[in-house]
Amino acid sequence: MPPESPTNTPRVSIGWAPSFAVDVSKLDEEIGHSASTGILTDLTAALGALRRFEWDEMVITPFGHLGSSFQYDFHPHYVFTFSVLTDRDEQKKPIKENYILKRLLKK
Amino acid sequence: MQQSELSSAPKIPIEQPRAGSSTDPAAIGRSLVIKGEVTGSESLFIDGKVEGAINLPGNRVTIGRNGIVCANIFAREILVLGNVQGNCQATELIDIRSEGSLTGDAITARISIEDGAIFRGGIDIRKLGESLVPSNLKAPGIAKVGSPLADAYDAQAETEIAEGQYEMLDDEADLHDLLPRWRSGTPALAHSRSAR
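The structure displayed is predicted, hence computed values, not measured ones.

Here is what the cut-offs are and how they apply
- Residues numbered from 1 in each chain as written.
- Chains lettered and ligands numbered in written order.
- Predicted model: local features only at pLDDT ≥ 70, side-chain atom pairs only at ≥ 80, totals over all residues.
- Helix = DSSP H or I, 4+ residues; strand = E, 2+ residues; numbered from the N terminus.
- Contact = placed C-beta atoms within 7 Å.
- Pairing = 2+ DSSP bridges.
- Buried ≥ 20, exposed ≤ 12 C-beta atoms within 10 Å, placed from the backbone.
- Expected span 1.5 Å × (residues − 1).
- pLDDT = per-residue confidence, 0-100.
- Core = buried A, V, L, I, M, F, W, Y, C linked by C-beta atoms within 7 Å.
- Axes fitted to C-alpha atoms, helices over the stretch in contact; angles between N-to-C directions.
- Parallel < 35°, antiparallel > 145°, perpendicular 65-115°, else oblique.
- Nonpolar A, V, L, I, M, F, W, Y, C, P; charged D, E, K, R; others polar.

J.: I'm lost on the overall build of chain B in this one. Help?
T.: Tallying secondary structure elements over chain B gives 2 helices and 12 strands in all. The linear arrangement of helices and strands in chain B, starting from the amino end, is β-β-β-β-β-β-β-β-β-β-β-α-β-α. The long-range share in chain B, meaning contacts at least 24 apart out of those at least 6 apart in sequence, stands at 20%.

J.: Looking at this structure, how should I read the sheet that holds strand 2 (residues 60-62) of chain A?
T.: Sheet strands associate in pairs through backbone hydrogen bonding, adopting either a parallel or an antiparallel arrangement. Ordered by their spatial adjacency, 6 strands build an open sheet running 2(A)-3(A)-4(A)-5(A)-1(A)-12(B), and the pairing between neighbours is mixed. Bordering the open sheet on either side are strand 2 of chain A together with strand 12 (167-168) of chain B, each of which pairs with just one other strand. The pairing of strand 1 (residues 12-16) of chain A with strand 12 of chain B spans 2 bridges and is antiparallel. Paired with Gly 15 of chain A across the bridge in strand 12 of chain B is Met 168 of chain B.

J.: Sorry if this is basic, but what is going on with the pairing of strand 1 of chain A here?
T.: Residues in a regular strand project their side chains so that they alternate between the two faces of the sheet. All names here are of chain A. Burial analysis of strand 1 places 4 of its 5 residues in the buried class, which makes it a mostly covered element. Where strand 1 lies against strand 5 (residues 94-106), 5 bridges are found, and the strand directions are parallel. Its bridge partner being in strand 5, Val 12 is matched across the sheet by Glu 97.

J.: Where do I start with helix 1 (residues 18-31) of chain A in this structure?
T.: Side chains three or four residues apart in an α-helix point the same way, a direct result of the helix having 3.6 residues per turn. The first and last C-alpha atoms of helix 1 of chain A sit 20 Å apart over 14 residues, in line with the 20 Å expected at 1.5 Å per residue. Looking only at helix 1 of chain A, the buried set comprises Ser 19, Phe 20, Ala 21, Asp 23, Val 24 and Leu 27 of chain A. Buried-residue contacts for helix 1 of chain A involve strand 1, helix 2 (33-51) and strand 5 of chain A together with helix 1 (148-162) and helix 2 (178-184) of chain B.

J.: Looking at this structure, how should I read the confidence of the model for chain B?
T.: Detailed reading of the predicted coordinates is not advisable wherever pLDDT is low. All names here are of chain B. In the predicted model, chain B carries a mean pLDDT of 79, and 78% of its residues have values of at least 70. Across residues 192-196, confidence stays below pLDDT 50; counting only partners more than four residues off in sequence or on other chains, it has 11 contacts. Under the prediction, the complex receives an ipTM of 0.86, its pTM being 0.57.

J.: How should the nonpolar core be read in this particular structure?
T.: Membership of the largest hydrophobic core comes to 35 residues, with the highest contact counts inside it found for Trp 16, Ala 17, Phe 20, Ile 100 and Leu 104 of chain A. Those elements giving two or more residues to this core turn out to be strand 1, helix 1, helix 2, strand 3 (69-72), strand 4 (78-88) and strand 5 of chain A together with helix 1 and helix 2 of chain B. Beyond its immediate stretch of four places on either side in the chain, Trp 16 of chain A contacts Ala 21, Ile 100 and Leu 101 of chain A together with Tyr 166, Glu 167 and Trp 182 of chain B. Core analysis: the next-biggest nonpolar cluster, separate from the first, contains 34 residues, Ile 54, Leu 56, Cys 88 and Ala 90 of chain B among them.

J.: In this structure, what is going on with the confidence of the model for chain A? I would like to understand it.
T.: Scored by pLDDT, chain A has a mean of 85; 89% of the residues are at 70 or more. Looking over chain A, one finds the lowest element-wise mean pLDDT in helix 1 of chain A, namely 89, and the highest in strand 3 of chain A, namely 92.

J.: Help me understand the environment of Tyr 72 of chain A, please; the structure alone is not making it clear to me.
T.: Residues and elements named next belong to chain A. By the element assignment, Tyr 72 lies in strand 3. With 32 residues separating them in the primary sequence, Tyr 72 and Leu 104 have C-alpha atoms 9.7 Å apart. If we skip the residues at most four places from it in the chain, Tyr 72 touches Ala 46, Val 59, Ile 60, Val 79, Phe 80 and Phe 82.

J.: Can you walk me through the packing of helix 1 of chain A against helix 1 of chain B in this structure?
T.: Axis angle and axis distance: for two packed helices, these are the angle between their axes and the distance between the axes, and together they describe the pair. Interhelical geometry of helix 1 of chain A versus helix 1 of chain B gives an angle of 135° and a closest axis separation of 8 Å. By the angle between their axes, helix 1 of chain A is oblique relative to helix 1 of chain B. Facing helix 1 of chain A, whose interface residues are Pro 18, Ser 19 and Phe 20 of chain A, helix 1 of chain B presents Tyr 153, Gln 156, Ala 157 and Glu 160 of chain B. Here the contact of helix 1 of chain A with helix 1 of chain B is built from residues that sort into 4 nonpolar, 2 polar and 1 charged.

J.: Is there a simple way to explain unusual backbone geometry in this structure?
T.: For residues other than glycine, phi is negative in most cases, and the peptide bonds are mostly trans. Residues and elements named next belong to chain A. The phi angle at Phe 53 is positive, at roughly 60°, despite the residue not being glycine. Structurally, Phe 53 can be placed in the loop between helix 2 and strand 2. Here Lys 92, not a glycine, exhibits a phi torsion of approximately 70°, which is positive. Inspection of the secondary structure assignment puts Lys 92 in the loop between strand 4 and strand 5. Assessed through the 7 C-beta atoms surrounding it within 10 Å, Lys 92 is described here as exposed.

Right, dumping it as structure tokens:
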């Protein structure tokens, strides 16, 4: 189930955990910088969709035990996982979604 | 000596939940049974029964004297006065008191097992702040979805996020700016969002 849509003006921010940057380094080492750049370009395109608050349940599915954790199937051979943190105003209404990238995983 | 301990790790003070105070831990009462996954960002006192998984990175989980937990627990501190069956991972301390029982493996920076406590399982002591990814699961490559390594890596990333160790891209920035930043290897600074 997608996170709550922030009211009025949807805002989505993208972040990443140190573990995700480590996985990017691993990807560079495993397949080379050039091939890795192609995959990461696909990944940024997926992030662009998230930024536009496009939540495609065909490619975004729950991941793991945490209800706020999801898996994005962005490439034939790779997925990334991310957590959703919601900023709320004083009335507890969502005002901003923060999508924090966690890991890059092989299928 | 009244009691002996496996280590000199400090004890975790027992925080009994009291009604009406926002600073006390959330509580699962004696008559409550929860089957599923417990997640969140606050400490928890369990005096009932929980089956499933407990993921409270950065917080304390206390299993009270009446508590029965059949679940893997991931938290900052785990205090066991009741009965736990499952693997426990704590970034700081696992404290098993004399009336407590833990059946499962313990991965933690520090552990205290009081005289009379029951413990059946393995202990993996890590340095404070060290990754909780089991050493036998470490691999140089990217983990595969569904593998134990992927689950352990994910828990590691969750801990980083819970501790505020993440970076945010400026809302107006081009997404293509991300690639050089990911590759720069600049360590993330503790981050706090403006509102929650």
